[in-house]
Amino acid sequence: MSDHDSDSMDFEDTTQIGRHGKADMVYMRSLSAAVVHRTPRHLIVVVMILALFVIAAILWMHWARIDVVIRGVGKVSPASQVQNIQSLEGGIISDIMVREGQYVDAGEPLIKISDVAFSSSFEENRLLYLELLARSGRLNAEAFEKDYVADTEVADEAPELAQAEQSLLASNRLQLAETLKVHDEKIRQQQSAMREARSRQTQLKKSLELVQKEIGIKRPLRDRGIISEVEFLQLQQRETELQGEIDAVRLSIPRINSTIE
């Protein structure tokens, strides 16, 4: 090979093999050497730029924050045309009297609520009201000793309540009469006991006076020895017993009197 050919080979190697030197080309296979000879330098630069772009994109996706957009179908309604419908009392809707989009007037019924629970509660409270009304009339008749006259509402809606209160009034008056009769009997017994106590007190006072007179008569006889000391002591003991009985009866009279009152 001439020097000219050698110089031309050196020029081709320096312009086409890029980073590979002539020494590397010697040890490469013919196919690899051909690829290296045919690979242009600007293609390597493009590949490196793409690689850097991919790396930058991966880093950006890792660190950057992306807003999530969700698409949906909806309907926009002005707030002035939306009205909230509320009821003071809750319940189960049994009938809807309007349609969606229908124009209604103020005060027009929109829905119908089932009145089963409300009717039950109303009937219960109404019955309680009638019971109290009937009881009030009966208590008024008992307090003022009048005849029971059922209220018009009670007589019309619940005549059985009026009849029950009438029967209760008669029963209470009968029971009251029996109670008064028992108390009257007790009063008569206490009054009899009071008379007996006063009579007993009178008798004891008379007996005490007699014993005291007897003691006054026999005291001189005892002093002269005509009667024994034992007989005189028995008279004094009798006087003491009579005085105790009189005191007991006197104390029992106020107790009997308080029982009568």
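It should be emphasised that the depicted structure is a prediction, and the values quoted were computed from it without experimental measurement. (Residues numbered from 1 in each chain as written. Predicted model: local features only at pLDDT ≥ 70, side-chain atom pairs only at ≥ 80, totals over all residues. Heavy atoms only, no water.)

A. Quick peek at helix α5 (residues 116-144). In a regular helix each residue adds 1.5 Å, so 29 residues correspond to 42 Å; α5 covers 42 Å between its end C-alpha atoms and thus fits that length. Among the residues of α5, L130, A134, R138 and A141 are the ones counted as buried. Those residues of α5 that are buried lie in contact with α6 (152-157) and α7 (159-223). Downstream of α5 by a residue or two, E145 has a phi angle that is positive, lying close to 55 degrees. (Helix = DSSP H or I, 4+ residues; strand = E, 2+ residues; numbered from the N terminus. Expected span 1.5 Å × (residues − 1). Buried < 20%, exposed > 50% of the residue type's maximum accessible area, 1.4 Å probe, protein only. Contact = heavy atoms within 4.5 Å.)

B. Region of the structure containing the packing of aromatic side chains. For the coordinates displayed, the defined rule picks out 0 aromatic pairs. When the ring centre of F232 is taken as origin, the NZ or CZ atom of R222, which lies over that ring, is 4.2 Å away. (Phe/Tyr/Trp six-rings, centres within 6.5 Å; stacked < 30°, edge-to-face > 60°. Lys NZ or Arg CZ within 6 Å of the ring centre and 35° of its normal.)

C. Expanded view of the packing of α5 against α7. In contact at an axis separation of 10 Å, α5 and α7 are set at 30 degrees when each is read in the N-to-C sense. Between α5 and α7, the angle is such that the two are roughly parallel. Note on packing geometry: the crossing formed by α5 with α7 is right-handed. Mapping the contact onto sequence places L127, L130, E131, A134, R135, R138, A141 and E142 in α5 and L161, E165, L168, L169, N172 and R173 in α7. (Axes fitted to C-alpha atoms, helices over the stretch in contact; angles between N-to-C directions. Parallel < 35°, antiparallel > 145°, perpendicular 65-115°, else oblique. Left-handed = near helix turned anticlockwise from the far one by under 90°.)

D. Structural detail: the nonpolar core. Ranked by size, the top nonpolar core spans 13 residues in total, and within it A197, L204, I215, L242, V249 and I253 carry the most contacts. Of all the secondary-structure elements, those providing two or more residues to this core are α7 and α8 (229-260). The element contributing the most residues to this core is α8, with 7 residues. In terms of nonpolar packing, the next biggest core, distinct from the first, is built from 9 residues, A134, Y148, A162 and L169 among them. (Core = buried A, V, L, I, M, F, W, Y, C linked by side-chain atoms within 4.5 Å.)

E. Seen up close, the confidence of the model for the chain. Taken residue by residue, the chain gives an average pLDDT of 78. The fraction at 70 or more is 75%. Per-residue pLDDT stays below 50 along residues 1-22; that stretch engages in 17 contacts with residues further than four places along the chain or on separate chains. (pLDDT = per-residue confidence, 0-100.)

F. Seen up close, unusual backbone geometry. At E145, a position not held by glycine, the phi torsion is positive, near 55 degrees. Of note, E145 is situated in the loop between α5 and α6. Residue E145 is classed as exposed on the basis of its relative accessible area of 71%.

G. Broad picture of the pattern of salt bridges. With the rule as written, the count across this model stands at 12 salt bridges. Its salt-bridge partner being K218, residue E231 comes within 3.0 Å of it at the nearest N-O pair. In this pair, E231 is assigned in helix α8 and K218 in helix α7, connecting sequence segments 13 residues apart. A residue is classified by how much of its surface remains accessible, and K218, at 17% relative accessible area, is buried. With its nearest N and O atoms 3.6 Å apart, the salt bridge here joins D247 to R250. Placement of both D247 and R250 in helix α8 is noted, with a separation of 3 residues, approximately one turn of the helix. Classification of D247 by relative accessible area gives partly exposed; the value is 27%. A residue is classified by how much of its surface remains accessible, and R250, at 45% relative accessible area, is partly exposed. (Salt bridge = Lys/Arg side-chain N within 4 Å of Asp/Glu carboxyl O.)

H. Spotlight on the environment of E214. Position of E214 relative to the elements: it lies in helix α7. Overall, the relative accessible area of 30% leaves E214 in the partly exposed class. Separated by 22 residues in the primary sequence, E214 and Q236 place their C-alpha atoms 9.8 Å from one another.

I. Spotlight on α7. Given a rise of 1.5 Å per residue, 65 residues ought to cover 96 Å, and the 94 Å separating the end C-alpha atoms of α7 matches this to within 8%. At I217, α7 shows its largest kink, close to 30 degrees, and the proline P220 lies no more than four residues downstream. Among the residues making up α7, those that are buried are L161, A162, E165, L169, M194, A197, Q201, L204, L208, V211, I215 and K218. At the exit of α7 stands G225, carrying a positive phi of roughly 80 degrees. (Bend = angle between axes of the 7 residues up to and from the residue.)

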